[in-house]
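Each chain, written out:
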Amino acid sequence: MAEELALTIKDFKSENEVRWCPGCGDHAILNAIQKAMASLNIAHKDYAVISGIGCSSRFPYYMSTYGFHTIHGRAAAVASGVKCANPNLCVWEITGDGDALAIGGNHFIHLIRRNIDINVILFNNKIYGLTKGQYSPTSDRGFVTKTSPYGTVEDPFVPGQLVLGARGTFFARSVDNNIKLSQEIFEEAAKHKGASVVEVLQNCMIYNNGIHAAITDPKMKKEHQLMLKHGEPMIFGENEDKGLVLECGRLKVVKIGEDGVTRDDILVHDVTEPNGFVHQLLINMALPDFPVAMGVIRAVPGPSYDEAMVAQIEEVKSTAKIKCVDDLLTSGNTWVVE
Amino acid sequence: MSKETKVIELEEVAIRFSGDSGDGMQLTGTLFSDASALIGNDISTFPDYPSEIRAPQGTVGGVSGFQVQFGTRRVTTPGDYAHVLVAMNPAAVKANAPFMRPGGTIIYDQDSFTEKNFQKAKFSTDNPFEELQLDDYFKIPVPITTLTREALKDFGLDNKSILRSKNMFALGLVSWMFDRPMDYMESFIQNKFKKKPAVVEANLKVLRSGWNYGMNMQHMTPRYIVHPAAIEHGTYRNINGNLATAWGLLAAAEKANLELFLGSYPITPATEVLQALSARKDLGVKTFQAEDEIAGISTTIGAAFAGDLAVTSTSGPGLALKSEALGLSVMAELPLVLVNVQRGGPSTGLPTKTEQSDLLQALYGRNGESPVVVLAASTPSDCFHYAFHAAKIALERMVPVILMTDGFLGNGSEPWRIPKMADMPTITPRIAKNAETYKPYARDEETLSREWAYPGMDGFQHRIGGLEKDLMGNVSHDPENHQKMVEIRAEKVKRVVDMVPELEVCGEQEGDLLVVSWGGTFGHMESAVREMRSLDHKIGLAHFNYINPLPANVHEVFSRFKKIIVCELNMGQFAAYLRDKEPDFKYEQFNKVKGLPFTVHELCEKFEQLLEE
């Protein structure tokens, strides 16, 4: 282990004034990421924060690290290039539901498929905020916005489903108002070797206020959120007496102490299970029938693109006859004209 | 053996090999060309193939051709018209008749001249030569299929494998006619199929059978002698434009002491650049086959931000898709090379055919005021030089550079005198040195280029982006600042002119007609101007490799001629650009958009006409 760097959150704040709307969930996420970075013991110079376009994508300007505010939808691809150019970097992609899942959908799934070691923080407020209130690919069917005055006639993406479908190795979920949870998850995401996707349910005060309120309401939090922890039973509820069991391939909410159910009957969370079946069920859980799953849902080991790329180059180099460009130019069929 | 052979001595000969796309004509042509170069002929090649991988057998649409010209003097084009056509079926005769020199020689597989194949090639009679008015041509019918089958009768091969060796018979026969050394081809075959000894034996047998057939039938096959060319001494190799481009980028990375990153998506005819660099893990190249064209350039921008020599390669439709991201590299002022191997457009257009119609897209095809440096290579081998220089300009001036090549250059090949890396110019990337004073958009007074600091460099942490920015890289909506930044980005590109060599004129330095051209047409232009000068015309050629910025002396050069004609494989894009940049002159135009290179003949005809007016 390298020497402790003793960085603090202050080391990650930039001199730029933060210009998100007062009360925007983004402030809390910024705070959580800065805390996570300070505690990761990674050199400040080795952080790179890459974003696309959208409210959340102003993020790099509020960080003191290397940062790149790119173009709409392309942050995943730019970040991939950064990581390949220098695999030693700790690369973060800051994106939103429109940026990652609409215009940048292709790059999003391919980043996950390749399993490049990048931490993708997906701010999901289910609305286009920067363009002032149009529905997004995560808006629910029937949602009324400026571009859907009669309600949308399409179903939303569930980000975690996409991650699993693209063979993701890491998926976690947090809410903007739980900075402690977000920080823990961001640290886990950074430590994971491969593509880590963290969906943060984020509130837009102006165009979609309260969209996640049923989940995030502090009074209902224990009933409506299931805090997942690896190796622990999936228990929730005000009195920690509710849990999940698997029955006929479906999740079911049961009450401990009723119908002979004991703590031992409750499903135990395993983030490392390669088969994504239970992870998928957890991702899909929605109110009112189920609590919403929070925490690290999936974290399975797998070969990362950047490591494999470096290893392949090293392997080929070790036995190569061509060591420099002069060798290359004179290789194969050549002839001399005297 | 005393049979009489007709021996013809020629200064240059063009041969066209043609057959079904599955007949192996590209390999046959390549082997023949390499063998010609090895014995000291200068050569120039041009593959001409359909975009369908396997179009219906026997149809004109499925014909794949490969033309090579070789000679005793410098050869600058694959030849307008072929002296000799090798045709594996009637469709090949039909597809290639327009590219034959009047009275040329046609060697064809007489076994393929059947009713069924006439129908497939849509002949209405059973005499294709008469129908195509090729009566005056010298025709050599050879039962290639039968003889190949005969040669392989003891090999126990299936019918498909036997038919696949037909091209070797043709190669052997033509090699005899032109006295090409067989050892090169033999060792190639031994190498290529070294894991399949039976295939090696079969191919060698058929190759030798073809050669022997020529020798035994001397009375009917003429023999040609083309002496070696007098060329500069040195070590040579054959190289095509795409490979030369890839290797030029490698050379630049080595000189700049940077790692090379290529983000790209396969697209005809640029794919070989990606393939060639993917093969170079031994030199540490990082190639990233992206999910689409946009990711191709976006990963490249990321790699440029993070300190690599970053390159993306594409062709016209891909350039269109990359436009927005290219604008980001203009705004962020990152060093980046974009290689555009042009093809026929618009839209999907003619993927396998050559054209120069992406010029205005390269110059202007982005939102906002978005100037980039634009270079164009002019021969297959000088793609190496211009790829190297594109990278040098990008790295030393912190600016995106577009290198234009085209399908003709990319696929065409010629002998190339191999340079030594020690003789190549230095490349000094503008890597920031002083963290105390570093400002992301502080500029060099002379060149206006900023300094490059990338993640991992301690103390230089900063933010950049696609929004208009100030000196520190922070967002600025200040009207005065935007005006200033737009002007600076334009001026920075203009000042690249000090890295651009002066425009040189080939031929007459002043006179009646200045022929102006750019990019991949150079070989044909030079041949045409040479031919015109041999007829005592006062004509010169100004061929452009640097499009933006233009060389500093353009006005002076143009002033020395009475007339100017701009020749290009589009509808007049460079002419329009020159009218804007150098408005004091009248520009005649000669344009062609047939997916084919110019012919020297049509160029000379146009020049004659203009000189007579």
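Parameters and conventions
- Residues numbered from 1 in each chain as written.
- Chains lettered and ligands numbered in written order.
- Predicted model: local features only at pLDDT ≥ 70, side-chain atom pairs only at ≥ 80, totals over all residues.
- Heavy atoms only, no water.
- Phe/Tyr/Trp six-rings, centres within 6.5 Å; stacked < 30°, edge-to-face > 60°.
- Helix = DSSP H or I, 4+ residues; strand = E, 2+ residues; numbered from the N terminus.
- Buried < 20%, exposed > 50% of the residue type's maximum accessible area, 1.4 Å probe, protein only.
- Lys NZ or Arg CZ within 6 Å of the ring centre and 35° of its normal.
- Pairing = 2+ DSSP bridges.
- Axes fitted to C-alpha atoms, helices over the stretch in contact; angles between N-to-C directions.
- Contact = heavy atoms within 4.5 Å.
- Buried area = accessible area lost by both parts, 1.4 Å probe.
- Salt bridge = Lys/Arg side-chain N within 4 Å of Asp/Glu carboxyl O.
- Polar contact = N/O pair within 3.5 Å; in protein donor to acceptor, adjacent residues only side chain to side chain.
- Domains from an automatic or database assignment.
- Core = buried A, V, L, I, M, F, W, Y, C linked by side-chain atoms within 4.5 Å.
- Disulfide = S-S within 2.5 Å.
- Parallel < 35°, antiparallel > 145°, perpendicular 65-115°, else oblique.
- Left-handed = near helix turned anticlockwise from the far one by under 90°.
- Right-handed = clockwise from strand over helix to strand, strands pointing away.

An unreviewed UniProt entry lists chain B under the name 2-oxoglutarate ferredoxin oxidoreductase subunit alpha, with Prolixibacter denitrificans as the source organism.

By the naming in an unreviewed UniProt entry, chain A goes by 2-oxoglutarate ferredoxin oxidoreductase subunit beta and is assigned to Prolixibacter denitrificans.

*Asks:* What should I look at first to understand the packing of aromatic side chains in this one?
*Replies:* For any two aromatic rings, the description comes down to two numbers: the centre-to-centre distance and the angle of the planes. All names here are of chain B. Enumeration over the complete set of coordinates arrives at 32 aromatic pairs over all chains. Ring geometry for F32 and F178: centres 6.0 Å apart, planes at 85°, overall edge-to-face. Here the residue F32 occupies a position in helix α1 (residues 25–38), and F178 occupies one in the loop between α7 (166–177) and α8 (182–192), the gap between them amounting to 146 residues. Here the two residues F32 and F178 agree in accessibility, since each one is buried. Grouping aromatic residues by their ring pairs yields a cluster made of W518, F544, F558, F574, Y577, F585 and Y587. Taking NZ or CZ as reference, R450 lies 4.5 Å from the ring centre of Y441, over its face.

*Asks:* Which parts of the structure should I look at to understand the sheet that holds strand β4 (residues 63–71) of chain B?
*Replies:* Pairing between the strands of a sheet is mediated by backbone hydrogen bonds and can be parallel or antiparallel. Residues and elements named next belong to chain B. The strand order β3-β4-β2-β5-β6-β7 describes an open sheet built from 6 strands, whose pairing is mixed. Each end of this open sheet is capped by a strand with a single partner; those strands are β3 (42–48) and β7 (138–142). The sheet shows a mean angle of 15° between the axes of neighbouring strands, taken without regard to direction. For strand β2 (residues 12–20) and strand β5 (residues 82–87), the ladder comprises 4 bridges, and the chain directions are parallel. Counterpart to F17 in the pairing with β5 is V86. Across the sheet, α1 touches β2, β3 and β4, and the angle it forms with β4 is around 5°.

*Asks:* Hey, could you run me through helix α11 (residues 271–278) of chain B in this one?
*Replies:* Every α-helical turn comprises 3.6 residues, leaving residues that sit three or four positions apart pointing alike. For α11(B), the set of buried residues is B:T271, B:V273, B:L274, B:A276 and B:L277. Along its buried surface, α11(B) packs onto α10 (241–256), β10 (260–264), β11 (286–289) and β12 (309–314) of chain B.

*Asks:* Honestly, the interface of chain A and chain B in this entry has me stumped. Any pointers?
*Replies:* Many authors give the size of an interface as the accessible area that is lost as the parts come together. If you look at the interface, chain A gives 59 residues, while chain B gives 69 residues. Both faces combined, the contact of chain A with chain B buries some 5,100 Å², and carbon together with sulfur accounts for 64% of it. When the area that chain A buries against chain B is broken down by residue, the three leading residues are A:Y66, A:L329 and A:W335, summing to 17%. Counting the contacts that link chain A with chain B gives 2 salt bridges. Residue B:R463 is joined to A:E15 by a salt bridge in which the shortest nitrogen-to-oxygen separation is 3.9 Å. Our count for the contact surface shared by chain A and chain B stands at 25 residue pairs in polar contact (both at pLDDT 80 or more). Take the side of chain A that touches chain B: its biggest share by element is 7 residues, from helix α2 (residues 75–85) of chain A.

*Asks:* Explanation requested: the sheet that holds strand β9 (residues 234–240) of chain B in the structure shown.
*Replies:* One open sheet holds the 3 strands; their spatial order is β12(A)-β9(B)-β16(B), and the pairing between them is antiparallel. Two strands close off the open sheet at either side, each with one partner strand: β12 (335–337) of chain A together with β16 (413–417) of chain B. Recorded for the sheet is a direction-independent mean angle of 40° between the axes of neighbouring strands. Bridging between β12(A) and β9(B) involves 3 bridges; their strand directions are antiparallel. Its bridge partner lying in β9(B), A:V336 is registered against B:T235. Where α1(B) meets the sheet, its contacts fall on β12 of chain A together with β9 and β16 of chain B, and the angle it forms with β9(B) comes to roughly 165°.

*Asks:* Quick question: what am I supposed to make of the domain arrangement of chain B here?
*Replies:* Residue and element names in this part refer to chain B. Domain boundaries in chain B define domain 1 (7–225), domain 2 (243–499) and domain 3 (505–612). Here the C-alpha centroids of domain 2 and domain 3 sit 28 Å apart. Taken together, the contacts link 31 residues of domain 2 with 27 residues of domain 3. A per-residue breakdown of the area domain 2 buries against domain 3 is headed by Q356, L359 and S378, which together make up 27% of the total. Viewed at the interface, domain 3 and domain 2 are joined by 0 salt bridges. For the interface between domain 2 and domain 3, the tally reads 14 residue pairs in polar contact (both at pLDDT 80 or more).

*Asks:* Can you walk me through the environment of A:I53 in this structure?
*Replies:* All names here are of chain A. Assignment of secondary structure puts I53 in the loop between β1 (47–51) and β2 (66–69). Here I53 falls in the partly exposed class, since its relative accessible area comes to 28%. Each C-alpha atom of the pair I53 and E240 lies 41 Å from the other, and the pair is 187 residues apart in sequence.

*Asks:* So what exactly am I meant to see when it comes to the environment of B:F66 here?
*Replies:* All names here are of chain B. Within the fold, F66 resides in strand β4. Along the chain, F66 and P78 lie 12 residues apart, while their C-alpha atoms are 9.6 Å from each other. Those residues in contact with F66 that lie beyond four places of it in its chain are I15, R16, F17, M25, Q26, G29, T30, S33, T45, F46 and P47.

*Asks:* Which parts of the structure should I look at to understand the nonpolar core?
*Replies:* Most often, soluble globular proteins have nonpolar side chains that are buried together. In terms of nonpolar packing, the biggest core is built from 170 residues, with B:F544, B:F558 and B:F574 touching the most fellow members. Of the residues that make up this core, three or more belong to each of domain 2 (243–499) and domain 3 (505–612) of chain B. Those residues in contact with B:F544, other than ones at most four positions away along the chain, are B:L503, B:V516, B:S517, B:W518, B:G519, B:L550, B:P551, B:V554, B:F558 and B:F574. Counting 47 residues, the second-largest nonpolar core is a separate cluster that includes A:W335, B:M25, B:F70 and B:V200.

*Asks:* It is not clear to me how the state of the cysteines should be interpreted in this structure. Could you clarify?
*Replies:* Two cysteines whose sulfur atoms are joined by a covalent bond form what is called a disulfide. Residue and element names in this part refer to chain B. On inspection of all chains with the given rule, the structure shows 0 disulfides over all chains. Distance from the sulfur of C506, which forms no disulfide, to the nearest cysteine sulfur (C567) is 13 Å. We note that C567 lacks a disulfide partner, and the nearest cysteine sulfur, in C604, lies 10 Å from it.

*Asks:* What's the story with the packing of helix α19 (residues 522–534) of chain B against helix α22 (residues 600–612) of chain B in this structure? I'm lost.
*Replies:* All names here are of chain B. One way to put it is that α19 packs onto α22 with a least axis distance of 9 Å and a crossing angle of 50°. What the angle tells us is that α19 and α22 run oblique. The element α19 and its partner α22 pack so that their crossing is right-handed. Taking contact as the criterion, the partners of H524, M525, S527, A528, E531 and M532 in α19 are, on α22, V600, L603, C604, F607, E608 and L611.

*Asks:* Would you mind showing me how to read the environment of A:C204 here?
*Replies:* Residue and element names in this part refer to chain A. Relative to the helices and strands, C204 resides in the loop between β6 (196–201) and α7 (213–216). Along the primary structure C204 and G129 are separated by 75 residues, whereas in three dimensions their C-alpha atoms are 7.2 Å apart. The contact partners of C204, leaving out residues within four places of it in the chain, are N125, I127 and N209.

*Asks:* Can you help me understand the pairing of β5(B) in this one?
*Replies:* As a general feature of sheets, a regular strand has side chains that alternate between the two faces. All names here are of chain B. The element β5 is largely enclosed, with a buried count of 6 among its 6 residues. With 5 bridges connecting them, β5 and strand β6 (residues 100–109) associate as parallel partners. When the bridges of β6 are listed, A87 appears paired with Y108. The β-α-β motif built from β5, the intervening helix α2 (residues 90–96) and the parallel element β6 has right-handed crossover chirality.

*Asks:* Explain helix α14 (residues 323–332) of chain B here, please?
*Replies:* Residue and element names in this part refer to chain B. Taking burial as the measure, the 10 residues of α14 include 9 buried ones, the bulk of the element. For α14, the full list of buried residues reads S323, A325, L326, G327, L328, S329, V330, M331 and A332. Directly beyond the C-terminal end of α14, a positive phi value near 60° is found at E333.

*Asks:* Looking at this structure, how should I read the pattern of salt bridges?
*Replies:* Any two side chains of opposite charge can pair, given that their charged atoms come close. Tallied over the entire structure, the rule returns 36 salt bridges over all chains. A salt bridge links A:R173 to A:E199, with the nearest nitrogen and oxygen atoms 3.0 Å apart. Within this pair, whereas A:R173 is found in strand β5 (residues 170–175), its partner A:E199 is found in strand β6, the two being separated by 26 residues in sequence. According to the relative accessible area criterion, A:R173 is buried, its value standing at 4%. For B:K353, the salt bridge is made with B:D48, and the minimal N-O distance between the two is 2.5 Å. Linking B:K353 in the loop between β13 (336–342) and α15 (359–364) with B:D48 in strand β3, this pair joins segments that are 305 residues apart in sequence. By relative accessible area, which is 22% here, B:K353 ends up partly exposed.

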